[in-house]
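Overview (structure and organization)
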Amino acid sequence: MAGFDGFFRGDFPRLVAFLCAGGLGPGTAREVAVEAFVQETGTWPPPGDPRVAVRLTAVRLAAEQTWFDGGDPSADPPGDRLTSVVERNARGVELLATLPETQRTVLTWSLDGFSPAAIASALGMAGTTVRSNLRHARERLKHRLGLAGREEALMTALREAEGALVSALRSALDVEEALTRVKTEATALAAPRVQAGRFGFDGPVRAAVEGDPDAAQDLLAAVQPLIVRYCRARLGGADAYSSADDVAQEACLALLTALPGYRHQGRPFLAFVYGIAQHKVADAHRAHARNRTEAVAEVPEAVDLADGPEERALRAELNRQLARLLELLPERQREIVLLRIVVGLSADEAAEAVSSTPGAVRVAQHRALLRLRSALERRR
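An unreviewed UniProt entry lists the chain under the name RNA polymerase sigma-70 factor, ECF subfamily, from Amycolatopsis rubida. UniProt lists a comment for the chain under the heading Sequence similarities (unreviewed entry), and it reads "Belongs to the sigma-70 factor family. ECF subfamily."

1. Regarding a negative patch on the surface
A surface patch of negative charge is lined by Glu210, Asp212, Asp214 and Asp218. Look at Asp218 and you get exposed, because its relative accessible area is 54%.

2. Remarks on helix H3 (residues 50-68)
Over its 19 residues, H3 runs 27 Å from end to end, which matches the ideal 27 Å to within 8%, given 1.5 Å per residue. Inspection of H3 places Val52, Ala53, Val54, Arg55, Thr57, Ala58, Leu61, Ala62, Glu64, Gln65 and Phe68 among the buried residues, and these make up the whole buried set. The opening residue of H3 is Asp49, an N-cap whose side-chain oxygen sits 2.9 Å from the backbone nitrogen of Arg51.

3. Some thoughts on the environment of Ser356
Tracing the chain through its elements places Ser356 in the loop between helix H17 (347-354) and helix H18 (358-379). Along the backbone, Ser356 and Trp67 are 289 residues apart, and their C-alpha atoms lie at a distance of 9.5 Å. Not counting chain neighbours up to four residues away, the residues in contact with Ser356 comprise Glu64, Phe68 and Ala351.

4. Things to note about the packing of helix H8 (residues 127-145) against helix H9 (residues 151-172)
Between H8 and H9, whose axes approach to 10 Å, the crossing angle comes to 90°. One way to sum up the angle between H8 and H9 is to call them roughly perpendicular. Across the interface between the two elements, Arg138, Glu139, Leu141, Lys142 and Leu145 of H8 pack against Glu151, Leu154, Met155 and Leu158 of H9.

5. A word on the nonpolar core
With 104 residues, the main nonpolar core has Phe12, Leu107, Ile227 and Phe269 as its most contacted residues. Mapped onto the domain boundaries, this core takes at least three residues apiece from domain 1 (4-70 + 81-189) and domain 2 (201-292 + 310-378). For Leu107, the contacting residues outside a window of four places in its chain are Leu96, Leu99, Leu134, Ala137, Leu141, Met155 and Leu158. Ranked by size, the runner-up nonpolar core spans 10 residues in total, among them Ala233, Val337, Val342 and Ala375.

6. Some words on unusual backbone geometry
Residue Pro45 follows Trp44 across a cis peptide bond; omega there is -5°. If you trace the backbone, Pro45 turns up in the loop between helix H2 (26-40) and H3. Although it is not a glycine, Ser355 sits at a positive phi angle of roughly 60°. Tracing the backbone shows Ser355 in the loop between H17 and H18. For Ser355, a relative accessible area of 52% gives the class exposed.

7. Comments concerning the confidence of the model for the chain
Counting all residues, the mean pLDDT for the chain is 82, and 80% of those residues have values of 70 or more. pLDDT under 50 marks residues 293-305. Its contacts with residues more than four places away, or in other chains, come to 35 contacts.

8. Description of the packing of helix H16 (residues 331-342) against H17
Between H16 and H17, whose axes approach to 10 Å, the crossing angle comes to 140°. In this view, H16 runs oblique relative to H17, as classed from their interaxial angle. The element H16 and its partner H17 pack so that their crossing is right-handed. Contact residues: H16 offers Ile336, Leu339 and Arg340, while H17 offers Ala347, Ala350, Ala353 and Val354. Across the contact of H16 with H17, the residue classes tally to six nonpolar, no polar and one charged.

9. With respect to the packing of aromatic side chains
All told, the structure shown has 12 aromatic pairs when counted by the stated rule. Aromatic pair Phe269 and Phe272: ring centres 6.0 Å apart, planes at 35°, arrangement tilted. Here the residue Phe269 and the residue Phe272 both occupy positions in helix H14 (residues 269-290), the gap between them amounting to three residues, near one helical turn. Residue class for Phe269 comes out buried when judged on its relative accessible area of 4%. An aromatic cluster of three or more residues is present, and its members are Phe4, Phe7, Phe8, Phe12, Phe37 and Trp44. The positively charged end of Arg51 is found above the aromatic ring belonging to Phe114, 4.2 Å away from the centroid. The ring centre of Phe18 lies 5.5 Å from the NZ or CZ of Arg55, which sits over that ring.

10. Things to note about the side chain of Glu335
Of note, Glu335 is situated in helix H16. Filtering out sequence-adjacent residues up to four positions away, Glu335 remains in contact with Tyr230, Arg234, Tyr274 and Gln278.

Each value, and the rule that gives it
For every chain, the first residue of the written sequence is number 1, and numbering continues from 1 along that sequence. Where local features are concerned, this predicted model is filtered to residues with pLDDT of at least 70; where side-chain atom pairs are given and counted, the filter is 80 or more; whole-chain, interface and lining totals use all residues. By convention in this description, side-chain values take in all heavy atoms of the structure and omit both hydrogens and water. UniProt positions are given in the numbering used here, feature names are shortened, and annotations may be inferred rather than shown by experiment. Only residues whose relative accessible area exceeds 30% and that form no salt bridge are eligible for patches; like-charged ones are grouped when within 9 Å, while nonpolar side chains (Val, Leu, Ile, Met, Phe, Trp, Tyr) are grouped when within 5 Å. Values of accessible area rely on a 1.4 Å probe in the Shrake-Rupley scheme; residue burial ignores everything except the protein chains shown. Definition used for salt bridges: Asp or Glu carboxyl oxygen within 4 Å of a side-chain nitrogen of Lys or Arg. This count recognises Lys and Arg as positive and Asp and Glu as negative, with His and chain-terminal groups excluded. One atom stands in for each charge, and that atom is NZ of Lys, CZ of Arg, CG of Asp or CD of Glu. Classification of residues uses two cut-offs on accessible area relative to the type maximum, computed with a 1.4 Å probe and protein chains only: under 20% is buried, over 50% is exposed, and between them is partly exposed. Under the scheme used here, helices are H or I runs from DSSP no shorter than 4 residues and strands are E runs no shorter than 2 residues, and both carry numbers assigned from the N terminus. Given the number of residues in a helix, its expected span is that number minus one, multiplied by 1.5 Å. Counting of polar contacts relies on pairs of N or O atoms within 3.5 Å, with two restrictions inside protein: one atom must be capable of donating a hydrogen and the other of accepting it, and residues adjacent in sequence are counted only when both atoms are side-chain atoms. Note on contacts: a residue pair qualifies if any of its non-hydrogen atoms lie within 4.5 Å across the two residues. Between the N-to-C directions of two axes lies an angle of 0 to 180 degrees, each axis being a line fitted to C-alpha atoms and, for a helix, fitted only over the stretch in contact. Roughly parallel means an angle under 35 degrees; roughly antiparallel, over 145; roughly perpendicular, 65 to 115; everything else is oblique. Here, nonpolar core refers to any group of buried Ala, Val, Leu, Ile, Met, Phe, Trp, Tyr and Cys residues whose side-chain atoms link them within 4.5 Å. Note that the domain bounds were set by an automatic or database domain assignment. Think of pLDDT as the predictor's per-residue confidence, scored from 0 to 100. Note on convention: the crossing is left-handed when the near helix lies turned anticlockwise from the far helix by less than a right angle, right-handed when the turn is clockwise. Any residue that is not Ala, Val, Leu, Ile, Met, Phe, Trp, Tyr, Cys, Pro, Asp, Glu, Lys or Arg is counted as polar, Gly included; the first ten are nonpolar and the last four charged. Only Phe, Tyr and Trp rings take part, Trp by its six-membered ring, and two of them pair if their centres are within 6.5 Å. Stacked means planes under 30 degrees apart, edge-to-face means over 60, and tilted covers everything else. Lysine NZ or arginine CZ positioned within 6 Å of the ring centre and within 35 degrees of the ring normal marks a charge as sitting over the ring.

In structure tokens form, the structure reads like this:
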């Protein structure tokens, strides 16, 4: 990857600033920037301007994080040191936030050093559309700042604010640590990752849909452990395992029933399985609510029937603490933590299950764990 290290050191703080200007919280922007560089290493150097390539990848990842966050892409864990750095240099970000989305987007690219022609090419817009939005954005900000007729003063103020943010981020970010992380994760992604019994569903699914009973049983044997772990994680502590296993059994039966009608239609098979399990878990939660019982999330372990009352009480308290921690996460981030850490899916498999991308799943998981770590540190 000739030239990658130097490019990364120079561009990483600028990319984080670019994402903050686009509306991401600083911590999220940092994680998205890291993953964008991880993905770009696979085809480095990219055709054309590498700054454009990495920004387009980052923008796509940022949009996926909005989905994982339930619509709030700016949310970051409280106490993130990077947040305070950006807040002290947020004048430009605050001004850009007052603009309509398209105006904000094109002005953000412009302040990052791209010409109207380059912006039009990168975003697939007509040049006249880019220039019009830039003009309207400048007029809106001039009016807001009382700088009517003083466009040069406005642009100077915006560029100074952007420069101050990039400079502050260059000092605050651990660029070398981020570079090491990018190389480590890129190397891991490039390594062969064929796992026995994982993926390779196409053949068995096709045969099972066509009515082959042996294929259906083989398929069920492959996914049943995933369904069981997911149901146990969502439905309770050790004393609730029999109930969770019953729900898992219902999900497996529902899967077998639904198989003849399954068609790909662009939807991965793991997403199909996950959807069935999710619905069965939701039904169980509603039943628990009607019965006035409490469902508690848990990282599943083997049930030790020899545990006495004290051990069961300690486990129940641990389950309650974990449930409270997981409730701090947006619902979709919580699902990613369960699928990746509890169920044991790879990033590719989890992405397939939730109809996302592996890169977005990795960013969402990392951000979720940072949020949980921050919560634990505040409770000490």
